[in-house]
Amino acid sequence: MPDNIYILAIESSCDDTSASVICNEEILSNIVANQEIHSQYGGVVPELASRAHQQNIVPVVDAALKKAKITKEQLHAVAFTQGPGLMGSLLVGASFAKSMALALNIPLLAINHMQAHILAHFIDDANDEKPTFPFLCLTISGGHTQIVQVNDYFNMAVLGETIDDAVGEAYDKTAKILGLPYPGGPLVDKYAQTGKPVYKFSKPKVKEHHFSFSGLKTGILYFVQKEVKQNPDFIEENLHDICASVQNTIAEILMDKIKRAIKETGIRQIAIAGGVSANSEIRKRLTESQKHLGWKTYIPKFEYTTDNAAMIAITAYQKYKLGMFDAQNTTANPRLKVNS
Ligand code: KG4
Ligand code: ZN
């Protein structure tokens, strides 16, 4: 194997078109084109997402190669997100990557998006220190909420997951109730930072390591509707406190489950991954736990939390080292599981 392995990775599972070039474990470029079009619909419209990927993919890949200062002839492999995600969106990245690998006559690597969120921790500049196996990872995004025991790069077991909505959906639906644009998670987080958690919402009682967020969403909706009936300006006057209250409840639910998983597995190394791991309150509470409870916590850089191709690239590099290449007839899989 050459000393320096260059891989181009493409991510197109949902509504971000992203391309990244990695040299071993170092990210040389990570270009992300967000799709503004969905904000006016209050959520991702799959058909529009595929069309936007189709428009974005060539300029995004070009920009990634240019920023990395390499030519496509220098690449050793091309990687793409195989799933989970939206079928139409995945197909754009998969077809593009397959054609490129074929044209350049280099290996193809099909990458699991959920494994990639977790393995983003192994990017050279993702955090101060890389985790050691085994560790626990709380993967929290717009589509998933899972606690995963990570035994090795490609040996992961789901300890628990949501039985209904993902935590990111709870954030986005709360934002919608409050009249904030999609995706609302970052905005709820922003307003929460200058509010007080004065309102109480009941927490779900879900067995073992599992989660549930649909009841919380309904609780927030009924609470807001009731208050607005009495005072039509309730949201406007109390926006920051409502956001802080929701954020506090969500952070408590997540921390309770982490504590339980740590107690039962005896593993005290805990990482967070996925779009919601950008959340300031969750980051704060984990950092405090490291100090007070003796946990070792791994909190990734912001740019590696929401969907990005750098995480696909680092996972591809690990697969490349193991010789885990994929055939040209590999297909996109919208329902791929983290442990497959
Ligand atoms: O991982 P991601 O980019 O896409 C999926 O694979 O789902 O996650 C997107 C989710 C959205 O629900 C968004 O609202 C949420 O992550 N999010 C946040 C924050 N930043 C992004 N939620 C809470 N606080 C944030 N700071
Ligand atoms: Zn994701």
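Criteria and cut-off values
- Residues numbered from 1 in each chain as written.
- Chains lettered and ligands numbered in written order.
- Predicted model: local features only at pLDDT ≥ 70, side-chain atom pairs only at ≥ 80, totals over all residues.
- Heavy atoms only, no water.
- Phe/Tyr/Trp six-rings, centres within 6.5 Å; stacked < 30°, edge-to-face > 60°.
- Near = heavy atom within 4 Å.
- Polar contact = N/O pair within 3.5 Å; in protein donor to acceptor, adjacent residues only side chain to side chain.
- 1 Å grid on protein atoms, 1.4 Å probe; cavity = no way out; pocket = protein on both sides within 12 Å on 5 of 7 lines; lining within 4 Å.
- Sits in = over half its atoms within 2 Å of the grid points.
- Helix = DSSP H or I, 4+ residues; strand = E, 2+ residues; numbered from the N terminus.
- Nonpolar A, V, L, I, M, F, W, Y, C, P; charged D, E, K, R; others polar.
- Domains from an automatic or database assignment.
- Pairing = 2+ DSSP bridges.
- Axes fitted to C-alpha atoms, helices over the stretch in contact; angles between N-to-C directions.
- Contact = heavy atoms within 4.5 Å.
- Donors = N, O, S within 2.8 Å, 3.2 Å for Na, K, Ca; no water.
- Buried < 20%, exposed > 50% of the residue type's maximum accessible area, 1.4 Å probe, protein only.
- Expected span 1.5 Å × (residues − 1).
- Buried area = accessible area lost by both parts, 1.4 Å probe.
- Salt bridge = Lys/Arg side-chain N within 4 Å of Asp/Glu carboxyl O.

J.: When you look at the packing of aromatic side chains in this model, what are you seeing that I'm missing?
T.: Centre distance and the angle of the planes are the two values used to describe a pair of aromatic rings. Taken as a whole, this structure holds 11 aromatic pairs when the rule is applied. One aromatic cluster in this structure is built from Phe122, Phe133, Phe135 and Tyr153.

J.: It is not clear to me how the site of ligand 1 should be interpreted in this structure. Could you clarify?
T.: Residues in close proximity to ligand 1 total 19 residues, the closest being Gly142, Asp172, Asp189, Asn279 and Asp307. Take His117: an N or O atom from its side chain is 3.4 Å from an oxygen atom of ligand 1. Contact between ligand 1 and Gly143: an oxygen atom at 3.2 Å from a main-chain N or O atom of the residue. Put simply, ligand 1 lies in the largest pocket. When contributions to the shell around ligand 1 are tallied by element, the ones reaching two or more residues are helix 3 (113–119), helix 4 (167–177) and helix 5 (185–192). Here the residues of the shell around ligand 1 sort into 5 nonpolar, 11 polar and 3 charged. Each of domain 1 (6–120 + 305–321) and domain 2 (131–299) contributes no fewer than three residues to the shell around ligand 1.

J.: It is not clear to me how the sheet that holds strand 5 (residues 108–112) should be interpreted in this structure. Could you clarify?
T.: The strands that make up a sheet pair up through hydrogen bonds in the backbone, lying either parallel or antiparallel. Spatial ordering of the open sheet is given by 3-2-1-4-5, a layout of 5 strands whose pairing is mixed. A single partner strand is all that each edge strand has here, and the edge strands are strand 3 (26–34) and strand 5. Each strand axis lies, on average, 20 degrees off the axis of its neighbour in the sheet, ignoring direction. Its contacts with the sheet place helix 1 (residues 46–68) against strand 1 (6–11), strand 2 (16–23) and strand 3, and it is angled at close to 25 degrees to strand 2. Docked against the sheet, helix 2 (residues 87–104) engages strand 1, strand 4 (77–83) and strand 5, running at close to 160 degrees with respect to strand 4.

J.: Can you walk me through the coordination of the zinc ion (ligand 2) in this structure?
T.: In an ideal tetrahedron of four donors about a metal, each angle is 109.5 degrees. In an ideal octahedron of six donors, the angles are 90 or 180 degrees. The protein atoms donating to the zinc ion (ligand 2) are His113 (NE2), His117 (NE2) and Asp307 (OD), with metal-donor distances spanning 2.0 to 2.2 Å. In the primary structure, the donors to the zinc ion (ligand 2) are separated according to the pattern H-x3-H-x189-D. Taken as a pair, His113 in helix 3 and Asp307 in the loop between strand 10 (296–298) and helix 9 (309–321) lie far apart in primary sequence, 194 residues in all. An identical accessibility class is assigned to His113 and Asp307; each is buried.

J.: Even after reading the chapter, I still don't get helix 9, so can you show me in this structure?
T.: Side chains three or four residues apart in an α-helix point the same way, a direct result of the helix having 3.6 residues per turn. With 13 residues, helix 9 ought to run about 18 Å at 1.5 Å a step, and its terminal C-alpha atoms sit 18 Å apart, in line with that. For helix 9, the tally of buried residues reaches 12 of 13 residues, placing the bulk of the element in the interior. Listed as buried for helix 9 are Ala309, Ala310, Met311, Ile312, Ala313, Ile314, Thr315, Ala316, Tyr317, Gln318, Lys319 and Tyr320. On its buried face, helix 9 sits against strand 1, strand 2, strand 3, strand 4, strand 5 and helix 3. For helix 9, the side-chain oxygen to backbone nitrogen distance between the N-cap and Ala310 is 3.1 Å, and the N-cap itself is Asn308. Looking one or two residues past helix 9, Gly323 carries a phi angle of roughly 70 degrees, positive in sign.

J.: Is there a simple way to explain the domain arrangement of the chain in this structure?
T.: Accessible area lost during the coming together of the parts is what is often quoted as the interface size. Segmentation of the chain into domains returns domain 1 (6–120 + 305–321) and domain 2 (131–299). At the interface, 16 residues of domain 1 touch 18 residues of domain 2. Interface of domain 1 and domain 2: buried area, both sides summed, is about 1,500 Å²; carbon and sulfur atoms make up 75% of it. When the buried surface of domain 1 facing domain 2 is broken down by residue, Met114, Ile118 and Thr305 rank first, second and third, together holding 39% of it. Our count for the contact surface shared by domain 1 and domain 2 stands at 0 salt bridges. At the level of secondary structure, the elements contributing two or more residues to the side of domain 1 that touches domain 2 comprise helix 3 and helix 9. Per-element tally for the side of domain 1 that touches domain 2: the top contributor is helix 3, with 5 residues. Of the residues that constitute the side of domain 1 that touches domain 2, the class distribution is 5 nonpolar, 9 polar and 2 charged.

J.: Looking at this model, I keep getting lost on the pattern of salt bridges. Mind explaining?
T.: Oppositely charged side chains may form a pair once their charged atoms are brought near each other. Tallied over the entire structure, the rule returns 15 salt bridges. The partner of Asp165 in a salt bridge is Lys173, and the shortest N-O contact between them spans 3.3 Å. For Lys203, the salt bridge identified is with Asp256, shortest N-O distance 3.2 Å. With Lys203 in the loop between helix 5 and helix 6 (214–230) and Asp256 in helix 7 (residues 234–265), the pair connects residues that are 53 residues apart, well separated along the chain. Using a relative accessible area of 39% as the deciding quantity, one classes Asp256 as partly exposed. Here the salt bridges do not stand alone but share partners, grouping Asp165, Glu169, Lys173 and Lys217 into one network.

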